[in-house]
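Tertiary structure, described
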Amino acid sequence: MQGVFRHVYTILAFLFFLSFSSNLWAGESHRVLFISSYHPAFPTFFQQVEGIRSVLDKQSTLLDIEFMDSKRFPDRVNLDNFHHTLSDKLSRIAPYDVVIVGDDNALSFTLKYQHELFPKQPIVFLGVNNLSLAREQNSNPLVTGVVEAVSMEETLKLMIRLQPQTKRIMALVDGTPSGQGDLKTFYQYRQELNPVVLSEISLAKLSFAEFANQLKSLGREDAVLLLSAYQDKNNKIFQFDESLKLIIENLSIPLYHLWYHGVGDGVFGGKVISHFAQGKVAAEIV
């Protein structure tokens, strides 16, 4: 894309030793499991799958998909049920050749149960925000992948350049693991962007109604960056389009984002990540 709406991805490059047979490239049909952290209606899901299929469909590969649905149902009961169901399915079929995992929750789940569920299969991750967890896999010979290294610095500086009156940048965030991971990255630029103040409006401490009221109070000297707004303090869940609608209806200034979804639907812009590219590169690794 042109201008500020650029596709960005970063690959963790490290040694990855494949443990499956060399006949992978012999033209036979091979089986890949994709574990998604979310569900099909999540805005990045089909972008990731289209990226994966742009490569694997040319390699005589069958792609199965399992959904953790952990954005809508982040509780332990759902995760335990998913583990039980997946374990039962895997016990009834031949092992997959390789496993792809999408986003932080799926990576954490797969690492937790790697020796039980996938003791010999290579695992390739994509869309991971937790960079330290991703880098820890340098010592895991069966795990590699693509990190979602957001263009935080570039987007924050862009916001200040486009809104030179800015005195405060507000991050909109919730308590989800991916949201908190990006918030940590956000605050790393406090000193560099001084005297502009970095602050937050957090759904981890607010209901959606309280969140909306705080948005109404923001003015011309504020700039707003959406990180994550899916779950409030009462564990009420909004889908991306629902939370974006709430934000746009109560915000009187431009809204920036670090990902492509939302651009054209109320998001003003940013240097954004393409989840299609994330899926494509992960599949190329596979």
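See above for the structure.
Predicted model, so just to flag it, every value in this text is computed and none were measured. (Residues numbered from 1 in each chain as written. Predicted model: local features only at pLDDT ≥ 70, side-chain atom pairs only at ≥ 80, totals over all residues. Heavy atoms only, no water.)

Under the defined criterion, the tally for this structure stands at one cavity of 30 Å³ or more. In this structure, the largest cavity encloses a volume near 200 Å³. Along its surface, the largest cavity is lined by 21 residues, and Phe42, Leu227, Tyr230, Trp259 and His261 are the ones closest to its centre. Within the residue set of the lining of the largest cavity, elements represented by two or more residues are helix 7 (177–187) and helix 10 (240–250). Examining the composition of the lining of the largest cavity, we find that three residues originate from one element, helix 7, more than from any other. Here the residues of the lining of the largest cavity are counted per class, giving eight nonpolar, nine polar and four charged. (1 Å grid on protein atoms, 1.4 Å probe; cavity = no way out; pocket = protein on both sides within 12 Å on 5 of 7 lines; lining within 4 Å. Points joined across faces, edges and corners; volume = space filled by probe spheres on them. Helix = DSSP H or I, 4+ residues; strand = E, 2+ residues; numbered from the N terminus. Nonpolar A, V, L, I, M, F, W, Y, C, P; charged D, E, K, R; others polar.)

With that settled, the discussion passes to the packing of aromatic side chains. Applying the stated criterion to the full structure yields ten aromatic pairs. Centroid distance Phe42 to Tyr230: 5.4 Å. Interplanar angle 35°. Geometry classified as tilted. Taken together, the residues span a long stretch of sequence, with Phe42 in the loop between strand 2 (30–36) and helix 1 (45–56) and Tyr230 in the loop between strand 9 (222–226) and helix 10 at a distance of 188 residues. Each member of the pair, Phe42 together with Tyr230, is buried. Taken together, the ring pairs in this structure connect Phe34, Phe45, Phe46 and Phe67 into an aromatic cluster. Its guanidinium or amino end placed over the ring of Tyr96, Arg31 lies 4.3 Å from that ring's centre, counting from NZ or CZ. (Phe/Tyr/Trp six-rings, centres within 6.5 Å; stacked < 30°, edge-to-face > 60°. Buried < 20%, exposed > 50% of the residue type's maximum accessible area, 1.4 Å probe, protein only. Lys NZ or Arg CZ within 6 Å of the ring centre and 35° of its normal.)

The next subject is the sheet that holds strand 10 (residues 255–257). Spatial ordering of the open sheet is given by 8-7-9-10, a layout of four strands whose pairing is parallel. Among the strands making up the open sheet, the edge pair consists of strand 8 (197–202) and strand 10. Across the sheet, the mean angle from the axis of one strand to that of its neighbour is 30°, orientation sign disregarded. Sheet topology note: the strand 9/strand 10 ladder contains three bridges and is parallel. Residue pairing for strand 10: Val224 is matched across the bridge by Leu255. Helix 10 contacts strand 7 (168–173), strand 9 and strand 10 of the sheet and is inclined by roughly 150° relative to strand 10. (Pairing = 2+ DSSP bridges. Axes fitted to C-alpha atoms, helices over the stretch in contact; angles between N-to-C directions. Contact = heavy atoms within 4.5 Å.)

Take the nonpolar core next. In this structure, Leu172, Phe211, Ile247 and Leu255 are the most contacted members of the largest nonpolar core, which totals 27 residues. Of all the secondary structure elements, the ones that give two or more residues to this core are strand 7, helix 9 (208–216), strand 9 and helix 10. With residues up to four places along the chain from it excluded, the contact list for Leu255 reads Leu172, Val224, Leu226, Leu244, Ile247, Ile248, Gly266, Val267, Phe268 and Gly269. In terms of nonpolar packing, the next biggest core, distinct from the first, is built from 24 residues, Val99, Ile123, Val128 and Val147 among them. (Core = buried A, V, L, I, M, F, W, Y, C linked by side-chain atoms within 4.5 Å.)

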